[in-house]
Each structure stands twice: as C-alpha cells, then as structure tokens.
Amino acid sequence: MADTRRLGFGPIAPPSGGVLVVFADDSLRFGMRTRAILGSAADMVAKAAKTERFTGKSGTTLDIVAPGGLKATRLIVVGTGKADERRPLDDVKLGGAVQGRIPAAASEATVILELASGPLKAEAAADVALGASLRAYAFDRYKTKRKEGEEASAKGRVTLAVADVAAARKAWGLRQPVADGVVLARDLVNEPPNVLYPAEFARRAGALRKLGVAVDILDVKQMRKLGMGALLGVGQGSTHESRIAVMRWNGGKKGAAPVAFIGKGVCFDTGGISIKPAAGMEDMKGDMAGAACVTGLMHALAGRKAKVNAIGAIGLVENMPDGNAQRPGDIVTSMSGQTIEIINTDAEGRLVLADVVHYINTKYKPKLMVDLATLTGAIMVALGQEHAGLFCNDDKLSAHLLQAGLDTGEKVWRMPLGPEYDKLIDSKFADMKNTGGRFGGSITAAQFIGRFVGKTPGAHLDIAGTGFASASSEINKSWGSGWGVRLLDRLVTENYEG
Ligand code: BES
Ligand code: MN
Ligand code: ZN
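Definitions and cut-offs
Residues numbered from 1 in each chain as written. Chains lettered and ligands numbered in written order. Predicted model: local features only at pLDDT ≥ 70, side-chain atom pairs only at ≥ 80, totals over all residues. Heavy atoms only, no water. Phe/Tyr/Trp six-rings, centres within 6.5 Å; stacked < 30°, edge-to-face > 60°. Lys NZ or Arg CZ within 6 Å of the ring centre and 35° of its normal. Donors = N, O, S within 2.8 Å, 3.2 Å for Na, K, Ca; no water. Tetrahedral: all angles 85-135°; square planar, octahedral: opposite > 155°, others 65-115°. Helix = DSSP H or I, 4+ residues; strand = E, 2+ residues; numbered from the N terminus. Buried < 20%, exposed > 50% of the residue type's maximum accessible area, 1.4 Å probe, protein only. Near = heavy atom within 4 Å. Polar contact = N/O pair within 3.5 Å; in protein donor to acceptor, adjacent residues only side chain to side chain. Areas by Shrake-Rupley, 256 points an atom, 1.4 Å probe, with all protein chains shown as cover. Nonpolar A, V, L, I, M, F, W, Y, C, P; charged D, E, K, R; others polar. Contact = heavy atoms within 4.5 Å. Salt bridge = Lys/Arg side-chain N within 4 Å of Asp/Glu carboxyl O. 1 Å grid on protein atoms, 1.4 Å probe; cavity = no way out; pocket = protein on both sides within 12 Å on 5 of 7 lines; lining within 4 Å. Points joined across faces, edges and corners; volume = space filled by probe spheres on them. Pairing = 2+ DSSP bridges. Axes fitted to C-alpha atoms, helices over the stretch in contact; angles between N-to-C directions.

1. Section: the packing of aromatic side chains
- What the rule picks out here adds up to 3 aromatic pairs.
- For lysine 285, the ring lying beneath its charged end belongs to tryptophan 479, and the centroid distance is 5.3 Å.

Here is the structure:
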C-alpha cells in the first residue's frame, strides 16, 4: 500500500549514517549548503566524476561507496542538468529518480534538496516527495516468496532535507492525499478479477466515507427501476451482480453545481459472446482503470479538502459469456430512452457509460462531465501509450485538460468529433448500434457516448493506452499506472476551486 509514511522532512544537516543523496548541475556545481556538508568529500566527487565520466546530465548518477570524510555509508550524486532548463514537472520526476537510485536494502537515506541555485522551495520539495512516493509503490501483496536476486521493495526511511521544514510539511499535506489517491487507483487496477468484482469494488469506494465522502451504491434492482437497460445488459451474463457507486464530495459553495467524473468499471472484459482471443486476455482485469482513477481522484479531493463540489460515479460490471449473456442482435433500451442494437458484445464500455452518464447528468445537473474509459484498442493504434485520447464538446474544457496534461505529464491529445461520424453508428433496427466498424473506432465510440451527454460540457478520455501496462517511467514501475488522478486533481485545482 502507501509508502508515503516512510517519507519525512528534516533540516539540511550532515547525516549521521545511511545513504546521502545530493544534486549537482551539468557544471558539477553544488548548492552552498550541500558543499558545506560534503566538505573534503567534494574533491573526491570531482575525481570520481572524471573517471566515471559523470557530467551532471539530468537523470544520470554517480555512486560512491563509503565516501571518506562523511558519516554516510554511501554518497549518491544525482545530475540535474542545465539549471535554466528546469520546469516544475521536473521536481516530480527528480523525486522518482532519487527514489529509484536509493538501494532497496538501505534502511536510512537523506536527500539534500538543494540545487546549485539554492534550496528547493516548499512546493518543489512536496513535488519531489510526490515523485519519490509514487516510485516507491510496488504491488506485491500476492507474493509469498522472492526469487533469488529479486529485490525486496524499498522499506527504508527517506528524509528530505529542506530549508523550511514546517513549510515543506504543509505543502506535502496537500500533495500526500494525491499520492495516496494514485496509489489507491493503482491498487484497484492491479487487483486480480476474482478479488475485485463489482460488489467488492463498490465496497472499496464505500471506504471513502471515512474521508467525509457521501457514497451511494445502486444495486441491480434499483438500476432496473431506473431503466438502465444498457448497463444491465452488459452484466447479465455474470454471476457477479452489477453496481453503480456514486461518490460525492461537497467542499465547495453550498448548492453550487458539481463537477462530475465518470469511470468505466468493467472488472473483467472477456468480450462476452463476442469473446476475445486468449492471448493477453488477463490484461482485461484492468478494464476498470477509468473507475479506479475516479475513485483515486475522489480520495485525493476529499483528503486535501478541496474547495469544490465533485461527484465521482463508476459503472461496475463484469462482461462474461454465459447462457444468460447478451447476444449480438439484442436491442436494449437505455435509461435515456434511446434504443441500442448490440452488434458486438465486446463494445460494452460505451453501454455502461451511456446509462451512468445519463443518470448523473439528469440527477445532479453537473456544470461539466469528464468520463474516463479503457474504451478502444483503436486509441492505442492512433496515439500509442504516451497520450490519452481527448474528445470534447467544449473548447474551454478541452484547453483546461490539455494544460493540466502538460503540467502533470499525464498528457492528452484532442481527437475529432462531428455529426459526419453519426451515420457509422446508425442502426437498421434501433436508434443506434454499439459499433461503427473498423474506421475511426475511437471516434465512433466517443460519438456514441456524446449522445448521452447532450448539451452539458463534456470530455471523454479514452485511456486504453495509458491506464495500464504503459512503459514504466521515473515515477511508476507498476502495471497499473493510476493514470488520470494527478491530471484531474490539477484540472480541479486550476479551474474549479475557490
Ligand atoms: N476494453 C476493451 C478495449 C481495450 C483493449 C482496452 C485493449 C485496453 C486494452 C473494449 O471493451 C473493447 O473490447 N473494445 C473493442 C471495441 C470493438 C469491439 C468495437 C476494441 O477496441 O476492439
Ligand atoms: Mn470489450
Ligand atoms: Zn472493455
């Protein structure tokens, strides 16, 4: 679970033991206080840098065991590159890089948070802490033994040495809930599907009540009453009953319209009767990454007492083949009244979202809706795993999301929508069909969801490429990425708080 408790702040002072981490820029310059701590060891660093060809380039490190003149057992110099090219996001990555260089066996490490230009400010220090704690995450709760040579996950204590400890702790107080939200999202994505089925996911969403979040769980009977034929059709082949969890955080002005986040929570996607091939099917335990993100986000918002009214709603189902499963050719009626012909039971995510989006839109009248879904393989073909696909009916909301993506490194790329695509999902028998053929597969899926969003400003994020199994990064080594929690937390901070 959360590694954030092993992280603390302390004053800039020579450590009495353990690993010492310091920063040098690409001219091998240290900050004043770092230099003072290193003392005569600074000359040794200069010599070692020469033989090791360490130039302080960003992301490179110089590792010195038992450095003379220091009480530390090991000195690690981390390069920060050119001073004037640093951006705020670099602090998060720096934290990840540092955490990654500290040997897993170390029980104690001190990181002097000072660049050549001086000590990091409190905000930057909190960003380093965020990156370090995310990097320290490992999902190993089902490993009962370790193979030889396999590293234990980092268990040591890391002290970030800062100029103003109180200010850093205060800034971290607002970041730590975000880190915990990402960790919660990763845990949910990594959990196996026999453990995390819809009712269990709903129960875990319910755990947010301890943070002051109001959580309502809808069961099948209630959904039937509401007429949610699209969502219920997906879940009808599973022995695990479907659920919807609605999480509400009211930290904003009383009565102010909420911002709403909606997640696809297909706890396992076999494809249903249109069954998927066996190879890689185990990855479909992560088909609830959208719902995981929404849950992690609500944790973050409540944990840092965000001044916003926010709703997180997740549609939880399991898509299974079975005697009772839905068939290609079936026609279902969604809560909105619109009818849908099922062409392919594997295009199930949009069916789930159709009913949750309509329910939230009509019941809570949100000022905007953002949905997240591991919706289409086609978005991976288009964008790879570096960007999520953004589909948006509102230019301002789109600009805000693009900016939040650049700020957090959880990047989105805008894709087109338009009435020309509608004919691809016209049905011979119903108001629409649930697939639009091979061309523009992510667009027709988004166009389908748009029919349930109506005029409310809405964004759809297709996170099939970013939600899991992404190439590991400086701040994530786990399969589940927790993608989107930091993005949407930033969206809220910058545009909807206060
Ligand atoms: N959950 C899948 C999409 C997916 C694939 C997510 C791989 C992550 C990794 C989704 O439900 C799906 O099966 N989509 C189909 C839609 C098609 C049947 C129109 C797809 O993309 O092939
Ligand atoms: Mn599917
Ligand atoms: Zn799916």
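Now, onward.
2. Points about the coordination of the manganese ion (ligand 2)
- Surrounding the manganese ion (ligand 2) are the protein donor atoms Asp269 (OD), Asp346 (O), Asp346 (OD) and Glu348 (OE), at 2.0 to 2.2 Å.
- Coordination at the manganese ion (ligand 2) comes from 6 donor atoms whose angles at the metal span 70 to 165 degrees, giving a geometry best classed as irregular.
- Each donor residue of the manganese ion (ligand 2) belongs to the same chain, with the gaps between them written as D-x76-D-x1-E.
- Between the manganese ion (ligand 2) and the zinc ion (ligand 3) the interatomic distance amounts to 3.2 Å, and aspartate 269 serves as a bridging ligand to the pair. With aspartate 269 in strand β11 (residues 259-269) and aspartate 346 in the loop between β14 (339-341) and α10 (349-364), this pair connects stretches of sequence that are 77 residues apart.
- For aspartate 346, a relative accessible area of 22% puts it in the partly exposed group.

3. A few points about the site of ligand 1
- Taken together, 17 residues are adjacent to ligand 1, and Lys276, Asp287, Asp346, Glu348 and Gly377 come closest.
- Taking aspartate 269, its side chain carries an N or O atom lying 2.9 Å from an oxygen atom of ligand 1.
- A distance of 2.8 Å is found between an oxygen atom of ligand 1 and a side-chain nitrogen or oxygen belonging to lysine 276.
- Protein coverage of the free-state accessible area of ligand 1, which is 520 Å², stands at 78%.
- A class-by-class count of the residues in the shell around ligand 1 yields 5 nonpolar, 5 polar and 7 charged.

4. Description of the environment of lysine 57
- Structurally, lysine 57 is set in the loop between α2 (41-52) and β3 (61-65).
- As a C-alpha pair, lysine 57 and serine 398 span 341 residues in sequence and 35 Å in three-dimensional space.
- Those residues within four positions of lysine 57 in sequence are excluded, and the remaining contacts are Gly79, Thr80 and Gly81.

5. A word on the pattern of salt bridges
- As enumerated under the stated definition, the model contains 27 salt bridges in all.
- Of the charged contacts in the structure, one is a salt bridge between aspartate 187 and arginine 141, with a shortest N-O distance of 3.4 Å. On the criterion of sequence distance, the pair formed by aspartate 187 in helix α5 (residues 165-190) and arginine 141 in the loop between α4 (122-136) and β8 (157-162) is long-range, its members being 46 residues apart.
- Given the relative accessible area of 39%, arginine 141 is considered partly exposed.

6. Focus: empty space enclosed by the protein
- In the structure shown here, the tally under the stated rule is 2 cavities of 30 Å³ or more.
- For the largest cavity, the calculated volume is near 140 Å³.
- Together, 19 residues line the largest cavity, and Gln99, Ala154, Lys155, Gly156 and Val158 are the ones closest to its centre.
- Every element with two or more residues in the lining of the largest cavity is listed here: β5 (108-112), α4 and β8.

7. Some details on the sheet that holds β8
- With mixed pairing, 6 strands are arranged side by side in an open sheet as β1-β8-β5-β2-β4-β3. Both edges of this open sheet fall to β1 (7-11) and β3, since each of them pairs with a single strand only. Between one strand axis and the next, the sheet turns through 25 degrees on average, direction left out of account.
- Taken together, the 5 bridges between β3 and strand β4 (residues 74-79) define a ladder with antiparallel strand orientation. Within β4, the position partnered with isoleucine 64 by the bridge is leucine 75.

8. As for the coordination of the zinc ion (ligand 3)
- Within the first shell, the zinc ion (ligand 3) binds the protein through Lys264 (NZ), Asp269 (OD), Asp287 (OD) and Glu348 (OE), at distances of 2.0 to 2.4 Å.
- Around the zinc ion (ligand 3) sit 6 donor atoms, and with donor-metal-donor angles ranging over 77 to 173 degrees the site reads as octahedral.
- The sequence pattern describing where the donors of the zinc ion (ligand 3) fall on their chain is K-x4-D-x17-D-x60-E.

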